[in-house]
Each structure stands twice: as C-alpha cells, then as structure tokens.
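# Architecture at a glance
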Amino acid sequence: MTFRQFAYRNVTRSKRKYAAYFVSSAFSVMIFFLCALFIFHPVISGALILDTAAKTMMMAEGIIYVFCSLFVLVSVGSFLQSRKLEFGILLMHGMTKQQLNKMVFLENMLIGGSAIFTGTLLGMLLGKLFLMIGSAFLGIPPLDFHLSWQAPVLTIISFVLLFVLISLCTFFFIGNESPRGMFQGGRRGDAEPHVHRWQALLAALLLLGGYVLAVLTTATTVEVMMFPVVAITVVGTYLFYTQLSLYVVEQLRRIRRFYWQRMRIITFSGLSYRWKDNGRMFFMVTIVSAVSFTSVGVFASIHTLSRELKLDYPAAVGYVAKGGAASSTAVQDLEGIESELKQLGLAYDTLSIPVKYADVASQSGPDHTERLPLMAYSDYRLALQYAGFDSSEPPLEGHDGLVMIGSQRDRSLISERVKATYTLEQGTDIREIGYTQHVPVAEYLLPELDGRGGGDFSGLVVSDSLYNSIAPVQQDIYYGFYMEDFPQTVGIASSLADGGKVAYEHKANYAVVVSGTLFEIQRTLYSTMLFASLLVGTVFFIAAGSFLYFRLYMDLEHDRFQYSALSKMGFTDQELDRSVTQQLALMFFIPVLLAILHSVFAFIALQRLFYLSIAAETGAVLAGYLAAQGIYFFFIRSRYLRNLKKNLL
C-alpha cells in the first residue's frame, strides 16, 4: 500500500464523519459556481438595470467564500483535534512529523478536490434550472443556459486556493506536541465544567440589554445603535453557551423533584459536558442562523417594499423646471417626454403646479432652512386627485402649514422631528401643524426642507390666501405625467435622467424622476437581494447542520459505550430513545430558537425603517426555517439511533 493509498483509505474509512463536511463544502462550491454563472451571463452583464443584480450576486459570492473559509478552517481544526489518539499511535509506530503533515495535507486536498469537482459538476447540471429561478425572481424572460469560461475558472481557482491554504494551516494545528501527549490526548477524562456565576449573570444582562436597546431604537438612531446592539448580543450569546447554560443545568440538577424524575437524571447528567464541549459550535450556529433569518426575512418583505414604492411615486414621470416654464430647454424636455409616452401608446394626464420659494429669516427648532418651498393647498389637493389618493385633511387657515413628506420613510421620522415656526424675510410667519397624509411630489424633485438632513421632507403646504400673499424669490413649475400603471415608463427620458432621476440638488436647470425606472431598479435590487440571501441562508443552514452532525458523530463511540451499559442495566429501548431524543432536541433547537429570538428583536428594530408592516413575511420565514430544522432533526435522529444501537445487546 502506497502512502497516497493510505491517506485515501483514511478518508473512506471515516466517510460517516466526513459526510456532512463534504456535503457542505460541495454545496457551497455549487452555489458559488451558480452565482458566477449568473454574474457572467451576457444578458445580465449587458443590461443597465440588471447590472445591479450582478453586483448583488457578486457580494453574495464574497460572503459565501469568506464563510466557507471560516467553516473549513473550524471543521478541519475539529477533525484534527478528534484524531489526536490516531496521530499519537502513528507517531509511536515510527511515522515522522513530515509524513504526518503530508498525510493530513493529502486527506484535506482529497476531500476538497472531490468537493470542488462535485460542486462544479452539480452546478453545470442545475445551471439551467438556476437561471430560470433567477429570471423568475427578477421578473425577466427565462435566461438561456450560457457557460462562460469565467464561471468554472473562478470557482475552481478560488476553492483550490482555499483548500490549499487551509491544508497548509493544518501544520500549525498539529504543532510539535509529542507522540505521548497526542496518545494521551484522546483518553483524557472529562473534568467537571467550572461555572463563573458572575459571567452567567453578565450573559443574561447582555442579552437582555441588547433586546431592550433593539426595542428602544428609533428610525433616527437605528444606524447608530446597530453596531453596539450586535456586539452586545454576540458577546452575550457566547457567554450564554459557555457559562449561563451550564449554570442553568447546574441549578436544575439541584432540584431533586425535577432531576430525579423519569429519565432526566440520564439526560441532564451528561448535558453539562456536551454543552461545555460544543459551546463554541452552538455559538457559531446561533450567530450564523440569526444572520440568515434576518437577511432573508427582510428581503422576503419585497411585496411590502413594493407597495411603499408605489406610494412614494405619485406621478409616472415628474419634472421640475427651475425658475419657471419660460426656459426653452424645459419646453423641449417636456415635449420629448410626451413624444416617448405617445410612442409607447400610454394614456396619461398632465398637471402643472407652481412652487414658490421664500427666504427664511429665522426659525425655531434645531434645523436651519435658508429657502422654504411652498405649495398652495388647492394645488396639493389637485396633485392627490391626479395620483388617485384619498385624503381627509381639512382646509388650512391662517399661518398654518403642513410639511410635505417625500417618501413613506419620513413617517418613521415624524415622532423624532421637532415642528418649526418660520419667519420669512418679508415678515410673514408660518407654523408647522402636522404632515401631509400622502406624497404630493416624489422625492428628489424638491430640495430637502431641513438643512441638516433628517428625511425627505420637501416643503410646506399652506392656505391659498397665504400662498398668494407671499412674494417669492424664486418660482419653479412642477409637471406631472400621471397614469395607472407607471412601471411601464421604464427607460423613459433616459437622455435626461441616467438611472431614472436627476435630483434637485444637481447643477442642471431641472429635476426629473422617472418612477417606472426607479421602481424597476429598486424592485430588481430587492428581488436579487432576496434571491442572494436565500442562497447564502441555505449555505449557512446546511453548514450549521454540518456542525451539529459532526459533533454528534465525534461522540458516537462514547455514547455507544454509555447506552450499552444502560441497556444491560435494564433500561428499555423506549426509555433510551426518549433520553437520546431529549438530548438531541436540546442540541438542535436551542441554538435555532435563540437565533429566532435574536432575529425577532432585529426585525423590531428594522421595522422602524418601514411604514408598512413586515411582520407577516418575516414570521413566515422564521416558521419555514423552524420547520426545516424540525425535518432535519428527525432525519438525523433516526440515523443516529440506528448507529447507536448497533452494539447494544
């Protein structure tokens, strides 16, 4: 038998242990290849809007690759740790350290090479189906199968480099430990887990503090609070598995009425040791699952986000002529828009509204506005009528004004914003008394009201009498082209607006928003992010299951000996099955349930950014993942019990 055959047989004889690791690696390679197939497809790479989808999928590839690097590194380290007894025996029988390193390197490259070959082959076989699914997500005609040379080359080179580097890292894992130390390392008894009460208390406080901060986060502070909340929750989760969970088990064992009842003494007697050995693995599973649940849940709310977008764009095409309609450029631009709409055969209604600007001498509140956009109440109601919005707002009187919201995101900022009173240069006072119920003019078409940002609030609606009494320093004209199905305007006025918009702050003498183009870009972005998050989430889910599978089979021999002894003592198969099921259920579902709890509070914080509720979509995602974990649990349970009972007499 040659040295290479020896390494090959080491792998094949331990195929049950390596199975989950191989499947996860091959699946990751397959997803990476399919993403590359999508990115380098000529239809995707050659379209302006779909280029956003390609960039999103490229980000997904990067996330998958980074995660695979960590996954392979941790898995290989765990495999080597579990094989110390084997390595010690080989070294005591004359194998040199160089030969041991070479053997481990060959084994890792054998598994890695097989995973690369299998994953790439499966990717080619499923490529057409993947492109069809991707086309359905993006709402485009089905893509033909096209195998560009970049996809397999990028996949093979990336993962060959990954497995080579990880295989070289195994030299550091093995280290210079003596053969005697390796030989004894596989037979050391378990020490009683030591629990620090203050660390267990700290874990509870950190988790509770992270949840409270997530609940108290507002729309204006969610970006600032995101990092500290995540950091606190991650540290709390680590301490939960390494300290708090052990402390809880320790306290349960002291309650005799609970601990001595039925099979609980068997179930909980070894639970502390399992939790101690697997704490870091549980921590990784929880964090990875929480990230997966949150990302998929948010982007699964694409229909909610689409409804918000429709409310944000009242006109199919909005155009603002700075300084009025006298400009020949504005007339030419509007004629071009009308010509394109007529060529497409789209029926539309037009509306023009004047917008006055008044210089502000002073204002109350923390913000500072130099020039205040104003719209008459009658024009505001006319704009809502053309957009098809119903409104119950009473007519304005005196010096009262309503702040125009520029998007549904502004609604989440209303509670944080301080209403202001403006004193104009001409001596007139205007007092903010509330906010408009709808978006009269889409964002980007008017300057932001608040000088320091704080949303897309874009001016005030005032009474007709007050509006007529104000002498403007500048007057713009807003033109709106209204139709029932504005997504049909994709690509309209592309010569004026590259990407569907030219914001008011731009140096051009006009501002324009093509709602159909913006809607399509954002819909494509959200759809692609949902597609990418599902792929990445699936990779995370399978990898998390691989960790659990691996740890179970590392303890299989110990469990066989233990349950063989219990069987000889008179325990029935039903009692043993119940005990095993309880231990497996704790290992499988506590990390997932904690990840779901993390995700729920993450959704509570993220909901602040949305006007419409995303609870239904996110709840469906969490229920789906929990159901998938349940199916995986029963599958592993049946296989584990079958292997466990092989030596029972």
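Residues numbered from 1 in each chain as written. Predicted model: local features only at pLDDT ≥ 70, side-chain atom pairs only at ≥ 80, totals over all residues. Heavy atoms only, no water.

## Section: the overall build of the chain
Within the chain, the secondary structure is distributed over 21 helices and 10 strands. Looking at the 649 residues of the chain, the share that counts as buried comes to 51%. When contacts within the chain are restricted to residue pairs at least 6 apart in sequence, long-range pairs at least 24 apart make up 83% of them. If you sum the accessible surface of the chain, you get close to 29900 Å²; carbon and sulfur atoms cover 62% of it. (Helix = DSSP H or I, 4+ residues; strand = E, 2+ residues; numbered from the N terminus. Buried < 20%, exposed > 50% of the residue type's maximum accessible area, 1.4 Å probe, protein only. Contact = heavy atoms within 4.5 Å. Areas by Shrake-Rupley, 256 points an atom, 1.4 Å probe, with all protein chains shown as cover.)

## Quick word on the packing of aromatic side chains
One pass over the full model with this rule turns up 22 aromatic pairs. Ring centres 5.7 Å apart and planes at 75° place the aromatic pair Y65 and F159 in the edge-to-face group. Residue Y65 is found in helix α4 (residues 50–82), and its partner F159 is found in helix α7 (residues 150–174); the two are separated by 94 residues along the sequence. Residue classification places Y65 among the partly exposed residues on the basis of a relative accessible area of 22%. Residue class for F159 comes out buried when judged on its relative accessible area of 1%. Centre to centre, the rings of Y238 and F283 are 5.4 Å apart; their planes meet at 85°, and the pair counts as edge-to-face. Here Y238, found in helix α10 (residues 222–254), pairs with F283, found in helix α13 (residues 271–299); they are 45 residues apart in sequence, far enough to count as distant. The class for Y238 is partly exposed, based on a relative accessible area of 31%. Look at F283 and you get buried, because its relative accessible area is 18%. (Phe/Tyr/Trp six-rings, centres within 6.5 Å; stacked < 30°, edge-to-face > 60°.)

## Some thoughts on the nonpolar core
Counting 99 residues, the largest nonpolar core has Y21, I31, F38, M57, M103, F130 and F159 as the members making the most contacts within it. When residues of this core are assigned to their parent elements, the largest contribution, 15 residues, is made by helix α2 (residues 15–39). When sequence neighbours within four positions are dropped, the list of residues in contact with F130 reads L34, C35, F38, M57, F531 and L535. Of all hydrophobic cores here, the second largest spans 52 residues; its members include L309, I477, V512 and F519. (Core = buried A, V, L, I, M, F, W, Y, C linked by side-chain atoms within 4.5 Å.)

## So, the confidence of the model for the chain
This prediction gives the chain a mean pLDDT of 80; 87% of its residues lie at or above 70. By mean pLDDT, helix α8 (residues 179–185) is the weakest element of the chain at 59, and strand β7 (residues 460–462) is the strongest at 93. (pLDDT = per-residue confidence, 0-100.)

## As for the side chain of S458
Structurally, S458 is set in the loop between β6 (429–435) and β7. Overall, the relative accessible area of 4% leaves S458 in the buried class. If we skip the residues at most four places from it in the chain, S458 touches P373, M404, I405, G406, L446, P447 and L449.

## Focus: the pairing of strand β4 (residues 400–403)
Of the two faces of β4, the one lined by D400 and L402 and the one lined by G401 and V403 are each fully buried. Here 4 bridges tie β4 to β6, and the two strands are oriented parallel to one another. Looking across to β6, one finds that L402 is bridged to G434. As paired strands, β4 and β7 are joined by 3 bridges and run antiparallel to one another. Residue pairing for β7: V403 is matched across the bridge by L460. (Pairing = 2+ DSSP bridges.)

## What to know about the pattern of salt bridges
In this structure the tally under the stated criterion is 2 salt bridges. Linking R431 and D400 is a salt bridge whose minimum nitrogen-to-oxygen distance equals 2.4 Å. Linking R431 in strand β6 with D400 in strand β4, this pair joins segments that are 31 residues apart in sequence. With a relative accessible area of 42%, R431 lands in the partly exposed category. (Salt bridge = Lys/Arg side-chain N within 4 Å of Asp/Glu carboxyl O.)

## Here's the deal with the side chain of S24
With respect to the helices, strands and loops of the structure, S24 is situated in helix α2. By relative accessible area, which is 3% here, S24 ends up buried. When residues no more than four places from it in sequence are discounted, the contact partners of S24 are F71, I542, A543 and S546.

## A short note on the environment of S295
On the secondary structure map, S295 appears in helix α13. On the basis of relative accessible area, S295 is assigned to the partly exposed category, the value being 23%. Each C-alpha atom, one on S295 and one on L534, is 8.4 Å from the other, the two residues being 239 residues apart in sequence.

## Some words on helix α6 (residues 97–138)
For α6, spanning 42 residues, the distance from its first C-alpha to its last is only 54 Å, which falls clearly below the expected 62 Å at 1.5 Å a residue. Along α6, the sharpest kink reaches roughly 55°, centred on L126. Where α6 terminates, the next one or two residues include G139, which has phi positive at roughly 70°. (Expected span 1.5 Å × (residues − 1). Bend = angle between axes of the 7 residues up to and from the residue.)

## Quick word on the packing of helix α1 (residues 3–13) against α6
Interhelical geometry of α1 versus α6 gives an angle of 60° and a closest axis separation of 9 Å. Relative to α6, α1 is oriented oblique. Taken as a pair, α1 and α6 cross one another with a handedness that is right-handed. On α6, the residues touching F3, R4, F6, A7, Y8, N10 and V11 of α1 are Q99, K102, M103, L106, E107, L110 and I111. Its residues assigned to classes, the contact of α1 with α6 comprises 9 nonpolar, 2 polar and 3 charged. (Axes fitted to C-alpha atoms, helices over the stretch in contact; angles between N-to-C directions. Parallel < 35°, antiparallel > 145°, perpendicular 65-115°, else oblique. Left-handed = near helix turned anticlockwise from the far one by under 90°. Nonpolar A, V, L, I, M, F, W, Y, C, P; charged D, E, K, R; others polar.)

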